[in-house]
Amino acid sequence: MKKITLLLFCALLIISTGACKRKKYTEVVEVPLPSVEENLTLGSPDDVKAESGAFELVEMPFTYDALAPNLDAQTMEIHYSRQYLTYTNNLNKALKESESENTPIEDLLKKLDLSNSNLRNNLGGYYNHSLYFEILTPKGGGAPADTLASAINRDFGSFDEFKTQFKDAANKQFGSGWAWLVVDSSGKLQITNSQNQDNPLMPRAEISGTPILGIDLWEHAYYLNYQNNRKKYIENFFKLINWKKVEENFESALSK
């Protein structure tokens, strides 16, 4: 209809002035700007509680704005109090009064029926986000030490080479998903990816192992801060990693 109207308009102008032969017409859409800036009121992670069930939220020992400017406060609040909370509540509902309710989460993941999409999404969503929030800290960055540092040097050649490979895997992840550092069954460190809320503990994983570090590559994890610049989010993620916690995860994985 817009095209027909424009042609009729041009025809009238041609008859009267011949203007359509000389001028180009551009459609202008006016978007009103807000007259008053909105003030966002942030809550506290301490106030966020999951519904009663087998699993609870991991505690976030810092405020939502503590990771700024690398991750903004609004992103952290939405991610923790809505996304993560929803996965936790849905998982507890899915397991309520079932034979699996008191099964350790890693066993649930390893024995998961992948055709059960509800359990798959919420089980992965809970586990993945629990790990993610545990390895973030306002005083992060730097490099790992002790046994983890030695293992990274052994399996990747150097910490810098590990960072290069991890960032490359994260940047190449198509669409929503995760990039992981895992300990495989032989105790070797490997880097891998997963789609959606899958992880390397699930059956048929491309590289199986216990995750000790993971980066959330869903847009809800970074879009308010970085929009489509996911590469910068991945780069700044290394400024927030709690390497002491990652080493604890490494030691725990080796002991299993």
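Quick note: structure is the one above.
Below: a short report on this structure. (Residues numbered from 1 in each chain as written. Predicted model: local features only at pLDDT ≥ 70, side-chain atom pairs only at ≥ 80, totals over all residues. Heavy atoms only, no water.)

Observations concerning the overall build of the protein chain
The condition is simple: Only DSSP runs of H or I reaching four residues or more are called helices, and only runs of E reaching two or more are called strands; each is numbered from the N terminus. We call a residue buried when its accessible area falls under 20% of the maximum for its residue type, exposed when it is over 50%, and partly exposed in between, using a 1.4 Å probe and counting protein chains only. We call two residues in contact whenever any of their non-hydrogen atoms come within 4.5 Å of each other. Values of accessible area rely on a 1.4 Å probe in the Shrake-Rupley scheme; residue burial ignores everything except the protein chains shown.
Across its full length, the protein chain carries 9 helices and 3 strands. Ordered by position from the N terminus, the helices and strands of the protein chain form the series α-α-α-α-α-α-β-β-β-α-α-α. A buried classification covers 46% of the 256 residues belonging to the protein chain. Taking contacts inside the protein chain between residues at least 6 apart in sequence as the whole, the part at least 24 apart equals 68%. Looking at the protein chain as shown, the accessible area adds up to about 14900 Å², and 50% of this sits on carbon and sulfur atoms.

Structural notes on the pairing of strand S3 (residues 210–216)
The criterion, for reference: Here a strand pair is declared whenever DSSP counts at least two bridges between the two strands.
Across the 7 residues of S3, 7 count as buried, placing the element largely inside the fold. As defined by bridge partners, strand S1 (residues 177–183) adjoins S3 across 6 bridges and the pair is classed as antiparallel. In the strand pairing of S3, Trp 180 is matched with Gly 214.

Structural notes on unusual backbone geometry
Between Ala 68 and the following residue, Pro 69, the backbone shows a cis peptide bond with an omega angle of 5°. Examined against the element boundaries, Pro 69 turns out to sit in the loop between helix H1 (2–16) and helix H2 (73–95). Positive phi is not limited to glycine here, since Glu 97 has a value of about 60°. When you line up the elements, Glu 97 lands in the loop between H2 and helix H3 (105–110). You can call Glu 97 exposed: its relative accessible area is 71%.

Quick notes on the packing of helix H6 (residues 159–172) against helix H8 (residues 230–237)
Selection criterion: Every angle, taken between N-to-C directions, lies between 0 and 180 degrees, and every axis is a line fitted to C-alpha atoms, over only the stretch in contact when it is a helix. Less than a right angle of anticlockwise turn of the near helix away from the far helix marks a crossing as left-handed, whereas a clockwise turn marks it as right-handed.
With their axes 10 Å apart at the nearest point, H6 and H8 run at an angle of 150° to one another. Seen from above, H6 lies across H8 with right-handed handedness. Taking contact as the criterion, the partners of Phe 166, Lys 167, Ala 170 and Asn 171 in H6 are, on H8, Arg 230, Lys 231, Ile 234, Glu 235 and Phe 237.

A short note on the packing of helix H5 (residues 146–156) against helix H9 (residues 243–254)
Quick reminder of the rule: Orientation categories follow fixed angle ranges, with anything under 35 degrees roughly parallel, anything over 145 roughly antiparallel, 65 to 115 roughly perpendicular, and all other angles oblique. Each residue receives one of three labels: charged for Asp, Glu, Lys and Arg, nonpolar for Ala, Val, Leu, Ile, Met, Phe, Trp, Tyr, Cys and Pro, and polar for the others, Gly being one of them.
Contact pair H5 / H9: the axes reach a minimum separation of 8 Å and the direction vectors enclose 80°. Judged on the interaxial angle alone, H9 and H5 are roughly perpendicular. Contacts from Asp 146, Thr 147, Leu 148 and Ala 151 of H5 reach H9 at Trp 243, Val 246, Glu 247, Phe 250 and Glu 251. Of the residues contributing to the contact of H5 with H9, the split by class is 5 nonpolar, 1 polar and 3 charged.

Let's talk about the nonpolar core
Within soluble globular proteins, side chains that are nonpolar generally end up buried alongside one another. Which entries qualify depends on this criterion: For this analysis, a nonpolar core means a set of buried residues of the types Ala, Val, Leu, Ile, Met, Phe, Trp, Tyr and Cys, connected via side-chain atoms within 4.5 Å.
Residues Phe 162 and Leu 213 are the most contacted members of the largest nonpolar core, which totals 67 residues. What Phe 162 contacts, discounting residues up to four positions off in sequence, is Ile 152, Phe 156, Leu 181, Ile 191, Leu 213, Phe 238 and Trp 243.

Re H5
As a reminder of what qualifies: Working note: the arc is built from the helix axis to C-beta atom directions.
Taken as a whole, H5 has its buried residues at Leu 148, Ala 149, Ala 151, Ile 152, Asp 155 and Phe 156. With its buried residues spanning 160° around the axis, H5 presents them on a single face. Exposed side chains of H5 directed beyond 90 degrees from the buried face belong to Asp 146 and Arg 154. Where H5 is buried, its residues meet H6, S1, strand S2 (189–195), S3 and H9.

Some thoughts on the sheet that holds S1
Ordered in space as S2-S1-S3, the 3 strands form an open sheet in which the pairing is antiparallel. Of all strands in the sheet, those with a lone pairing partner are S2 and S3, marking the two edges. Between one strand axis and the next, the sheet turns through 25° on average, direction left out of account. Sitting on the sheet, helix H4 (residues 117–134) is in contact with S1 and S3, with an inclination near 80° to S3. Of the strands in this sheet, S1, S2 and S3 are in contact with H5, which crosses S2 at around 80°.

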